[in-house]
Structures are given as C-alpha cells and as structure tokens.
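Secondary and tertiary structure notes
The residues making up each chain are set out below.
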Amino acid sequence: MMRIEQLVELRATLRECPRPLGLVPTMGNLHAGHVELARRARETSATVVTTIFVNPTQFGPNEDFDRYPRTLERDEEALASVGTDIVFAPSVDEVYPDGRDTPTRVSVDALADTLCGLDRPGHFDGVATVVTKLFNIVQPELAFFGEKDWQQLTIIRRLAYDLDVPLEIIGVPTVRADDGLALSSRNQYLSEEERARAPKLYQTIEAIRIGLAAGRRDFDSLIARGASELADAGFDVDYVAIRDARTLAEASPETHEFRILAAAQLGGARLIDNVGHRAG
Ligand code: PAF
C-alpha cells in the first residue's frame, strides 16, 4: 500500500493502475464501518484508492474542524488489513490551492435543505463540492459510500446523475454494534451511561419500519410517538422522519421505497441513523 499526498503524483500513478478503480472517500479516524467500505471496494475493484481528507468546507463555523481527530497511521494499518492499494492523503492547500472559498461550488439544493441540512447550513454544499473534486481527481469507475449518511449518499447519487459523472455509486449497508447502535466516530463522545442508552435511536426507527411493514400509513403519529420515546430516553431530538428514499420528500400513501431517518443529540454526541422499507 502506498501513501500519496500530491495530486500530480496521484495522477501519474493512477495512469498505470489496473481498472476498474474503486474510490473510498473518507475523512479518516476510521472505524469498522469505513473499513467495510474498503473491503467492499476490494471485492469489485482491481485498484482501490481510499482518500483521507478532513474537508474544511463541510464544517460550519461552530463545528469541530480543528478538533477532528487525525489518526493517519492507525487508519493506514486498518486499510492495509483489507488490501487498499493507495491512500491519498492530501493537505488542504493541495485540494484548495486558491483557498477554500472557491467561486465554483456544487449544490444539490432540494436534497440538502432538509433533515440534517437545516441545522448545518452549507454542510452538504461542502460535501458535494469535495466529492465532485475527488471524482475528477481520481476518475474511478466505482465509488463507495456508507448508507449510514443516507442524505449524503442521496445527494452524491443525484449530483453524479445530474453532472453525468461516469461512475457507479455503491451504497454500503450500515455496520452496527451488537446492540444495534450504528458505528460512528461520534460514538466516542458518549459517556458509558449514554452509550448504554444510545441504541434507543435504532430501536425507534426500527419500530417505525415494523409499523410500515405491517401496513401502517399514519406517518404523523408514528413520527410523534418515535420522537416522544426518544425524548423520554433523554435524547434531544432534531428530527424523526419518514421519507421517500430517493427524493427525500415526505412519505405519502403512494410511496414505495421508504427511508426512516432520525437525528438526535445524546450528551456530547449528535447521532444519526436510518433504515429502509420497500412496500411489497
Ligand atoms: O462521509 C464522509 O466522511 C465525508 O462527508 C466525505 C464523503 C468523505 C466527504 O468529505
């Protein structure tokens, strides 16, 4: 496995690499969920490139860009264990040579101005812009993203479709702890006692999924009940939502492919999770 930090070197190296090329974009601080992305990439790609880049343009002014853990050596060990070929770990100047306020930005407004986008203005523009840059820098045939960030995955699928980016986006199912909690780098901010309560988020959306599977379509009461159960368990709820999986529009009785999503603060951690249901 080689580490590359310069764009010109990456381009020269990739010219010689066997195809198909699979891209796994990350911000590092990897956990088993990320490693699963790289493992899936390995199964289908002749060359696997994992990027480790803490992207400043997706952090809001009060978010933790400077405090975001940088754990490059440990991340590289994890990636080597699943057979990544190249780790691209550029500096901020390498990715944004003229500064981070580039006049060109990628926005997927209708999908970004809802759910997590309401509390994090500009966040998804930063994600969409850096992912588009990474697609152009690496030019992969395949790109792997976790389903855990469903809104992000939906936005990336949409931008690739709208901008005719010639690649296939693979969504990889969420990796969970034995008690159901979705793996996330944010889990490290939970105290022991909060960690014991955290699986309630998954249990809540799972209960809604079971309701939908049983034919319930009283979305408002399913949502209200989920939100109040989370509040009772000490979560500060941002949203519980039942949406169309592809458009993120609010679900209607005609919806076939549902996504149930929730975000809530528990102690020092903002947790998100989602599950899907396809109507038969
Ligand atoms: O999901 C992430 O880690 C980031 O949002 C991504 C896709 C690597 C873009 O910086």
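So, here is what we can say about the structure in this document. A quick note: this is a predicted structure, and the numbers were derived from the prediction, not measured.

One pass over the full model with this rule turns up 19 salt bridges. A salt bridge links Glu36 to Arg39, with the nearest nitrogen and oxygen atoms 2.9 Å apart. Here Glu36 and its partner Arg39 are both found in helix α2 (residues 32–44), 3 residues apart, which amounts to about one turn of the helix. A salt bridge links Glu147 to Arg259, with the shortest nitrogen-to-oxygen separation between them at 3.6 Å. Residue Glu147 is located in the loop between β5 (142–146) and α8 (150–162), and its partner Arg259 is located in strand β8 (residues 257–266); the two are separated by 112 residues in the primary sequence. The two residues Glu147 and Arg259 agree in class, both being buried. In this structure, a network of salt bridges that share partners links the residues Arg3, Glu5, Glu73 and Glu76.

Once that is clear, we can look at the site of the ligand. Every residue lining the ligand is accounted for by Pro25, Thr26, Met27, Asn55, Gln58, Val127, Val130, Val131, Phe145 and Gln152. Gln58 is positioned with one of its side-chain polar atoms (N or O) 2.6 Å from an oxygen atom of the ligand. Protein chains shield 88% of the accessible area of the ligand, which is 290 Å² for the free molecule. Broken down by secondary-structure element, the contributors of at least two residues to the shell around the ligand are β2 (21–26) and α7 (123–138). If one sorts the elements of the shell around the ligand by residue count, α7 sits on top with 3 residues. Looking at side-chain class alone, the shell around the ligand contains 6 nonpolar, 4 polar and no charged residues.

Residue pairs spaced three or four apart in an α-helix point in one direction, given the helix's 3.6 residues per turn. Compared with the 22 Å implied by 1.5 Å per residue over 16 residues, the 22 Å span of α7 between its first and last C-alpha is a close match. With 13 of 16 residues buried, α7 is to be regarded as a mostly interior element. Two residues or fewer after α7 comes Gln139, characterised by a positive phi angle close to 50 degrees.

What follows is about helix α3 (residues 72–81). For α3, the full list of buried residues reads Asp75, Glu76 and Leu79. Across the axial projection of α3, the buried residues extend over an arc of 100 degrees, all falling on one side. Summarising the geometry of α3, the exposed residues directed more than 90 degrees from the buried face are Glu73, Glu77 and Ser81. Tucked inside the fold, the buried residues of α3 contact β1 (2–4), α2, β3 (47–52) and β4 (86–88). Just beyond α3, the residue with positive phi is Gly83, at close to 85 degrees.

Conventions used here
- Residues numbered from 1 in each chain as written.
- Predicted model: local features only at pLDDT ≥ 70, side-chain atom pairs only at ≥ 80, totals over all residues.
- Heavy atoms only, no water.
- Salt bridge = Lys/Arg side-chain N within 4 Å of Asp/Glu carboxyl O.
- Helix = DSSP H or I, 4+ residues; strand = E, 2+ residues; numbered from the N terminus.
- Buried < 20%, exposed > 50% of the residue type's maximum accessible area, 1.4 Å probe, protein only.
- Near = heavy atom within 4 Å.
- Polar contact = N/O pair within 3.5 Å; in protein donor to acceptor, adjacent residues only side chain to side chain.
- Areas by Shrake-Rupley, 256 points an atom, 1.4 Å probe, with all protein chains shown as cover.
- Nonpolar A, V, L, I, M, F, W, Y, C, P; charged D, E, K, R; others polar.
- Expected span 1.5 Å × (residues − 1).
- Arc of directions from axis to C-beta.
- Contact = heavy atoms within 4.5 Å.

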